[in-house]
Amino acid sequence: MRRLLLAVGMAISASACVHEFPFRQGEVDENTIVIEGYITNEYMHHTVQISRLSSYEDTVRNMLKGAYVAVSSGDSTYYYNETEDGIYTSETKFVGVAGNVYFLHVRINDSTIISAESRMLPVTPPEKITFKSHPDGNRSIGYIAEAFVSENPAKYVVQVNWTDHSSEEPRRANLYYYSLTTVDISQLFAPKVQETRFPSGAQLIERKYSIDKNYETYLRSLLAEQLWSGGYFDEAHGNLHTNLICNRSQVKTAGYFSANTVYIDTLVVE
């Protein structure tokens, strides 16, 4: 640890030399097809979103319409209908089964076919959530899980619902946490994020998702570009990992398709 602190001190001292850096906006390939979708062990209509990569100035997603979408596993095939522009929903509700491999099939036109596969791993029950108390009487989450684990990586999504006592209006926040099998220097020195505070009586819905090795690699690349970016030890920016495969080499893909077992727990903050 002393060596690490010494290295950090040297790095900060070296940063005292400031040079002008000419910003060059990267090019955006508008032919890139972005696919985002996952299935879980919940009995529900599952969805897949398909869009094309926009320019840096364009904040509107270019949703891709008219695609053929299906998910299969073993002898079962689930077909998807386009319920909104670029949003495809399974015709029937179905449940993912831990241990099964699920295949995504997308056909954009007669010549462009995109596929992906993901194995659904089992998930262990989450640990007990602990809270921090603040002088204003509010609480915040103190502990969800260890950031580093030797096995069984997981993603946590905690939905917090409460009533704002000053306005009597309902409030909601979605908080994301990750337990990964790797630790990166950019993660250790990531920028601080704003703490979400809520009163006693707030309801928490915790979802813990299983993660396979490939999905963990995707999440790590995503976090390096977003939450961990902007600290003292930024990594070189690059393309995100993906498990999407296209039959046409000139068509670029981005995004991820995953199958995740989820454990759901609900509690009330006392």
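Residues numbered from 1 in each chain as written. Predicted model: local features only at pLDDT ≥ 70, side-chain atom pairs only at ≥ 80, totals over all residues. Heavy atoms only, no water.

1. Regarding the overall build of the protein
Then, in step 1: Looking only at helices and strands, the protein has 3 helices and 16 strands in total.
Then, in step 2: Burial status across the protein gives 36% buried among its 270 residues.
Then, in step 3: By sequence separation, contacts in the protein at least 24 residues apart represent 64% of the contacts at least 6 residues apart.
Then, in step 4: When the accessible surface of the protein is split by element, carbon and sulfur atoms take 50% of a total near 16,500 Å². (Helix = DSSP H or I, 4+ residues; strand = E, 2+ residues; numbered from the N terminus. Buried < 20%, exposed > 50% of the residue type's maximum accessible area, 1.4 Å probe, protein only. Contact = heavy atoms within 4.5 Å. Areas by Shrake-Rupley, 256 points an atom, 1.4 Å probe, with all protein chains shown as cover.)

2. Remarks on the confidence of the model for the protein
Then, in step 1: With 77% of its residues at a pLDDT of 70 or more, the protein has an overall mean of 83.
Then, in step 2: Counting interchain partners and residues more than four positions distant, the pLDDT-below-50 stretch residues 1-28 has 11 contacts. (pLDDT = per-residue confidence, 0-100.)

3. Quick notes on the side chain of Ser258
Then, in step 1: Tracing the sequence through the fold places Ser258 in strand S15 (residues 253-260).
Then, in step 2: Since its relative accessible area comes to 2%, Ser258 is described here as buried.
Then, in step 3: Polar contacts involving the side chain of Ser258 include one to the side chain of Asn260, which spans 2.9 Å.
Then, in step 4: The residues contacting Ser258, other than those within four sequence positions of it, are Gly37, Tyr38, Ile39, Ser118 and Tyr215. (Polar contact = N/O pair within 3.5 Å; in protein donor to acceptor, adjacent residues only side chain to side chain.)

4. Looking at unusual backbone geometry
Then, in step 1: One non-glycine residue, Asn152, adopts positive backbone phi at about 55°.
Then, in step 2: Relative to the assigned elements, Asn152 resides in the loop between strand S10 (139-143) and strand S11 (154-164).
Then, in step 3: Backbone geometry at Glu168 places phi at a positive 60°, although glycine is not the residue there.
Then, in step 4: Tracing the chain through its elements places Glu168 in the loop between S11 and strand S12 (169-179).
Then, in step 5: Judged by relative accessible area, Glu168 falls into the exposed class, the value being 57%.

5. Digging into the sheet that holds S11
Then, in step 1: If you trace the 4 strands from one edge of the open sheet to the other, you get S12-S11-S13-S16, paired in antiparallel fashion. Strands at the two margins of the open sheet, each flanked by one partner only, are S12 and strand S16 (262-268). In this sheet, neighbouring strand axes are inclined to one another by 15° on average, regardless of whether the strands run parallel or antiparallel.
Then, in step 2: By the bridge criterion, 7 bridges tie strand S13 (residues 203-210) to S16 in an arrangement that is antiparallel. Of the residues in S16, the one forming a bridge with Ile205 is Thr266. (Pairing = 2+ DSSP bridges. Axes fitted to C-alpha atoms, helices over the stretch in contact; angles between N-to-C directions.)

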